[in-house]
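What follows is the residue order along each chain.
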Amino acid sequence: MPYSKDIDRKWQKRWEETKLYKFHPEKVDKKLYCLEMFSYPSGAKLHVGHWYNFGLSDSWARMKRMQGYEVFQPMGFDAFGLPAENYAIKTGIHPQDSTMKNIETMETQLREMGATFDWDYEVVTCSPEYYKWTQWLFLELYKTGLAYRKEAPVNWCPKCSTVLANEQVQDGKCERCDAEVTKRNLTQWFFKITNYAQELLDKLEGLDWPEKTKKIQTNWIGRSEGAEIEFKLESSDISFKVFTTRADTLLGVTYVVLAPENELVDRITTPEYKKAVEVYKEHVKKETEIERLSTTKEKTGVFTGAYAVHPITKERVQVWISDYVLASYGTGCVMAVPAHDERDFEFAQMFNLPIKRVIKGLKGVDDKLPFVDYGVLVDSEEFSGLTSEEARIKIVEKLAAGNMGELKINYRLRDWLVSRQRYWGAPIPIIHCESCGVVPVPERDLPVLLPYDVEFAPDGESPLKKSKEFMNTVCPTCGKPALRDPDTLDTFVCSSWYYLRYADNKNHEKAFDKEWINKLLPVDKYIGGAEHAAMHLLYARFITKALRDAGHLSFDEPFLSLVHQGTILGSDGEKMSKSKGNTVSPDEYIDEYGSDVFRCYLAFGFNYIEGGPWSDDGIKAMSRFVSRIEKIVDRLKELRDKQENKEMGAAEKELNYVRNLAIKYVTKDAEIFQFNTSVAKMMELINALYDYDNNVKDKNLELFEDSIADLIKLLAPFAPHFAEEMWEKLGYNDSIFNVEWPVWDEKALVKDTIEIAIQVNGKLKGRKEIPSTADDKAVEELVMADPEVKEYLEGKQVVKVIVIKNRLVNIVVK
RNA sequence: GCCGAAGUGGCGGAAUGGCAGACGCACAUGACUCAAAAUCAUGCGCCCUCAAAGCGUGUCGGUUCGAGUCCGACCUUCGGCACCA
């Protein structure tokens, strides 16, 4: 029977019956935790991206299984989130109903992929059994002081009177009604990830992660060393601090700038400037952060009428507000040094503020203003003549003596805002009591169930606030009537700990068993898209550390090794999307070719890490490859017992060489997710088998059979159903996945003679067969004695001869 | 604007500083066939009628006996973003 979807079904059924892929906890000492980022259950069927991520990760996991590891490869769904809620608003179908239905469809399709997921360990983040423990996690962070409340702005659409996600704001307008979006302050929950900024930075070094991802996290955390300097307001006891990395330029400060949102602004603005300041603040509320951070935009800002006193010169400097200063970074206040900062320079020119040079470039350096490099101080009182490096310390030392400044390390990383004014998420397990204040829900009362019957159409309030049954409760402390927190948790909270729950998903007593988790984790190989390089991966690392410090586990990092698969784009080179109409449905290909051919094609047609535009030009070749293997298996069965030749002649040696080469490089390349070259090496082996069959009459059948068996073993992770079928055809009863992964014989890779290249002055001039046993000196002699080489060297002087073993000889002549 | 990554045949893509183009696709030719498909075999970077020679990894320089690979500048494309003081 030629390979088809029917073979897929046959083996899927067999695997299920024999529980082939069941994880055995008792073999945890050989464990390998292979995890793919779980997916969001969207309405559409599995797309090529799922196959690319899950299918090929599964191939890697299967290889590891054959190599003797006890592979733990679970699967689940990140099921809360905005799309289901939006879909519900549009269609009236309840998020829970649509989500559960989508999960069912995706589970079926994932099973059809033939991946080795152990479904006994499935987690679904929107099920109460799961979010009970998400809520527990929140309470743990609350207990340890890592969850706190503060005011923070949200995107607000005045027309829909609703909070919008950044994604729902298009060019500053609401995606639904096109009204101009503004900002509104709400009291919201935060996780104190900044407590872990330094550890999150330090521990990156030991991780087997792509350098690019480490760089992204490093930049995201954004450590910078500088100083905090205090400025006092003129004739007032109000003061404020600025953060600067360039304390050496302090004497060049000619004005200071506050973020418009800074709470000081209202207190210091003088009556005559009040109106202008208010107008400007309203204007800034309508800007997105990206807009505020655009360098091409003209500088804007207004004077507050207030003056600050320079901490050293005691000169009075104007206090301005401008959108280029962010409330969320540093102290929300900036000292402006227009001579030595490009933004300040531009701003000063715009508003005619003074510019004072205090740094001169070293000799020969162009120090035209704005001069932003380090140099030597001038016009800086007793600091003149110091280098920038010296001055930035000395100046802070002097300030510190007067309690006016200190050295300080600042991080760009902000605390994680976890409150969402949404329905489809885990309710925040907090009760607000008039007499007791903020009261955590006692653990015994978890989960705080998300009510089903809720009006979640946007009308200005958190949807849960409108459910009386949900909101009204009693205070666990004093027993008086109290209200629940109406917000839900960011879905990133759900996904920041799911890899822990997988390990112990049926535990009703706790989120997970500490002892067990310490054995099965950390995750050995984590595979997912690069778009999660900053947020998800950082959040998960943070939660792991927070739980460690709370005593719930004892490892530092959740994911030891990380791989990002590339993105498969539409054939037009654009990201696949329904609206562009460039999506590719795997189902059609699977119906036509079978899932293994599709998987192999994904393995062969792309560089896994890079991805690329979809094209099905090569998929027929994969089908051909598979049928060539089936034919050689048939051929072998036909030949069996007919011939007897135990000789290892030249043809046999060549076949054995290609066979061992294939074993070596499939093993090495697949290990590092280089699946395209792995498949190429298998193709070379099948080509060699055909060559041998076509050209050698009296075959060494033992070698022929062993080579074919090895090829099928190598192929098994990539074409699991087909390989099982072939294995059975060869007469084996046990599953091929219980067979050991082949090991190459280094001796078989040593050839009698090798062809090396001959270069003269680096230019290729010819090739020559030489015995592989010859040492460098012998190789040089052989080459120099070659008549053609002699001809080349006629009348030239040989300067030196470079021999690169097994590769080439380069003769340098004059 | 800043940061990061990448530019290799008609196409997907290979190449520890050491013979560029593995393995495929497409194409061409041949065998088989009444014919086509399938299959098998051979060829296939550019220039050139052929051969030889030459030219070839975005562009220009550099390091090196030797550069797709390392260094510098530039161009283009794709990702990420934070005017980060």
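Residues numbered from 1 in each chain as written. Chains lettered and ligands numbered in written order. Predicted model: local features only at pLDDT ≥ 70, side-chain atom pairs only at ≥ 80, totals over all residues. Heavy atoms only, no water.

1. Some thoughts on the overall build of chain A
Each helix and strand in chain A was counted, giving 26 helices and 33 strands. Within the span of chain A, comprising 814 residues, buried residues form 53% of the whole. The contacts in chain A between residues at least 6 apart in sequence include a share of 71% that link residues at least 24 apart. Summed over all atoms, the accessible surface of chain A reaches about 37,800 Å², with 49% contributed by carbon and sulfur. Here chain A holds 110 positive side-chain charges and 130 negative ones, and the gap between their average locations is 1 Å. (Helix = DSSP H or I, 4+ residues; strand = E, 2+ residues; numbered from the N terminus. Buried < 20%, exposed > 50% of the residue type's maximum accessible area, 1.4 Å probe, protein only. Contact = heavy atoms within 4.5 Å. Areas by Shrake-Rupley, 256 points an atom, 1.4 Å probe, with all protein chains shown as cover. Lys, Arg positive; Asp, Glu negative; His and termini not counted. Charge placed at Lys NZ, Arg CZ, Asp CG, Glu CD.)

2. Re the environment of L110
Structurally, L110 can be placed in helix 4 (residues 95-113). Sequence separation of L110 and E228 is 118 residues, and the distance between their C-alpha atoms is 54 Å. Setting aside residues no more than four positions away along its own chain, L110 makes contact with L46, F54, M75, F77, A115, F117 and W119.

3. Points about the sheet that holds strand 9 (residues 182-191)
Here we have four strands laid out as an open sheet, ordered 6-5-9-19, and antiparallel in their pairing. For this open sheet the edge positions go to strand 6 (162-164) and strand 19 (416-417), each flanked by a neighbour on one side alone. Taken together, the three bridges between strand 5 (residues 147-157) and strand 6 define a ladder with antiparallel strand orientation. Bridged to W156 within strand 6 is V163. (Pairing = 2+ DSSP bridges.)

4. So, the sheet that holds strand 31 (residues 763-771)
One open sheet accounts for four strands, arranged 31-30-33-32; its pairing is mixed. Pairing within the sheet leaves two strands with one partner each, and these edge strands are strand 31 and strand 32 (798-804). Here the strands of the sheet are splayed against their neighbours by 20° on average, with no regard to which way each runs. When strand 30 (residues 753-760) meets strand 31, the two strands line up antiparallel, connected through eight bridges. Paired with I754 across the two strands is I770, which belongs to strand 31. The strands touched by helix 25 (residues 776-784) within the sheet are strand 30, strand 31, strand 32 and strand 33 (808-813), with strand 32 carrying the most contacts at an inclination of about 125°. (Axes fitted to C-alpha atoms, helices over the stretch in contact; angles between N-to-C directions.)

5. A few points about the state of the cysteines
Scanning the model with the defined rule gives zero disulfides in all. Among the cysteines around C600, which has no disulfide bond, C34 carries the closest sulfur, lying 18 Å off. (Disulfide = S-S within 2.5 Å.)

6. Here we look at the packing of helix 19 (residues 595-605) against helix 20 (residues 619-639)
Contact pair helix 19 / helix 20: the axes reach a minimum separation of 9 Å and the direction vectors enclose 115°. Crossing handedness for the pair helix 19 and helix 20: right-handed. Residues V597, F598, C600, Y601 and F604 of helix 19 lie in contact with helix 20, whose contacting residues are I619, M622, S623 and V626. A per-class count over the contact of helix 19 with helix 20 returns eight nonpolar, one polar and no charged. (Left-handed = near helix turned anticlockwise from the far one by under 90°. Nonpolar A, V, L, I, M, F, W, Y, C, P; charged D, E, K, R; others polar.)

7. A short note on the packing of helix 3 (residues 82-91) against helix 4
One can describe the packing of helix 3 onto helix 4 by two numbers: an axis separation of 9 Å at closest approach and a directional angle of 120°. By the criterion of interaxial angle, the relationship of helix 3 to helix 4 is oblique. Remark: the crossing between helix 3 and helix 4 carries right-handed chirality. Seen from helix 3, the contacting residues are A84, E85, Y87 and A88; seen from helix 4, they are P95, S98 and T99. When its residues are assigned to classes, the contact of helix 3 with helix 4 shows four nonpolar, two polar and one charged. (Parallel < 35°, antiparallel > 145°, perpendicular 65-115°, else oblique.)

8. Some details on helix 17 (residues 535-549)
The end-to-end C-alpha separation of helix 17 is 21 Å, in line with the 21 Å expected for 15 residues at 1.5 Å each. In terms of residue burial, helix 17 counts as a mostly covered element, since 13 of its 15 residues are buried. G551 lies just past helix 17 and shows a positive phi near 85°. (Expected span 1.5 Å × (residues − 1).)

9. So, the pattern of salt bridges
For the structure shown, the criterion picks out 49 salt bridges. With a closest N to O distance of 3.4 Å, K664 and E746 form a salt bridge. Here E746 lies in the loop between helix 24 (720-729) and strand 30 and K664 lies in helix 21 (residues 650-671), a separation of 82 residues in the sequence. Judged by relative accessible area, E746 falls into the partly exposed class, the value being 44%. Connected through shared salt-bridge partners, E199, K203, R541, K545, R548, D549, D556 and E557 make up one network. (Salt bridge = Lys/Arg side-chain N within 4 Å of Asp/Glu carboxyl O.)

10. Looking at the nonpolar core
Judged by nonpolar contacts, the single largest core of 182 residues is most densely connected at F138, Y499, L500, L521, W614, F704 and I712. It is helix 22 (residues 675-695) that contributes the most residues to this core, ten residues altogether. When residues of this core are assigned to domains, at least three map to each of domain 1 (5-140 + 492-569) and domain 3 (618-748). Among residues more than four places away in sequence, those in contact with L521 are K31, Y33, Y499, L500, A503 and F555. In this structure, I238, V242, Y280 and M404 belong to the second largest nonpolar core, which totals 40 residues. (Core = buried A, V, L, I, M, F, W, Y, C linked by side-chain atoms within 4.5 Å. Domains from an automatic or database assignment.)

11. So, the domain arrangement of chain A
Partitioning chain A into structural domains gives domain 1 (5-140 + 492-569), domain 2 (223-411), domain 3 (618-748) and domain 4 (751-813). Once you take the C-alpha centre of each, domain 3 and domain 4 turn out to be 36 Å apart.

12. Some words on a negative patch on the surface
A contiguous patch of negative charge on the surface is contributed by D775, D776, E780 and E781. Relative accessible area serves as the criterion here: at 47%, D775 is assigned to the partly exposed category. (Patch = residues over 30% accessible without salt bridge, like charges linked within 9 Å, V, L, I, M, F, W, Y side chains within 5 Å.)

13. Remarks on the confidence of the model for chain A
In this model, chain A carries an average pLDDT of 88, and 98% of its residues clear a pLDDT of 70 or more. Averaged over each element, pLDDT in chain A is lowest for helix 10 (residues 289-292) (70) and highest for helix 16 (residues 514-520) (96). (pLDDT = per-residue confidence, 0-100.)

14. What about helix 23 (residues 701-715)?
With 15 residues, helix 23 should reach 21 Å at 1.5 Å per residue; the first-to-last C-alpha distance of 21 Å fits that figure. Across the 15 residues that make up helix 23, a large majority, 13, are buried. Where helix 23 begins, one side-chain oxygen reaches toward the backbone nitrogen of E702, 3.3 Å away; that side chain belongs to N700. (Polar contact = N/O pair within 3.5 Å; in protein donor to acceptor, adjacent residues only side chain to side chain.)

15. Some points on the packing of aromatic side chains
In this structure the tally under the stated criterion is 55 aromatic pairs. Here Y255 and F347 contribute two aromatic rings whose centre-to-centre distance is 5.6 Å and whose plane-to-plane angle is 20°, an arrangement assigned as stacked. One end of the pair, Y255, is in strand 12 (residues 255-258); the other, F347, is in helix 11 (residues 342-350), and 92 residues separate them in sequence. The exposure class of Y255 is buried, given its relative accessible area of 0%. Following the ring pairs from residue to residue traces out a cluster consisting of W51, Y52, W60, Y589, F598, Y601, F606, Y608, W614, F673, F675 and F718. The aromatic ring of W156 is capped on one face by R184, whose charged end is 3.9 Å from the ring centroid. A cation over a ring is seen here: R628 above Y690, with NZ or CZ 4.2 Å from the ring centre. (Phe/Tyr/Trp six-rings, centres within 6.5 Å; stacked < 30°, edge-to-face > 60°. Lys NZ or Arg CZ within 6 Å of the ring centre and 35° of its normal.)

16. Looking at the side chain of R422
In this fold, R422 is placed in the loop between strand 20 (419-420) and strand 21 (430-433). No salt bridge is formed by the buried R422; the nearest opposite charge belongs to E85, separated by 4.5 Å. Excluding residues within four positions of it along the chain, R422 makes contact with L82, E85, V163, L164, A165, Q168, P463 and T488.

17. Digging into unusual backbone geometry
Cis geometry is found at the peptide bond from L446 to P447, where omega equals 0°. With respect to the helices and strands, P447 occurs in the loop between strand 22 (437-440) and helix 13 (468-471). For the peptide bond that leads from L521 to P522, omega is 0°, which places it in the cis range. Summarising the element assignment, P522 is placed in the loop between helix 16 and strand 26 (525-527). Positive phi outside glycine occurs at N403, with the angle close to 60°. Mapped onto the elements, N403 comes out in the loop between helix 12 (388-401) and strand 18 (405-411).

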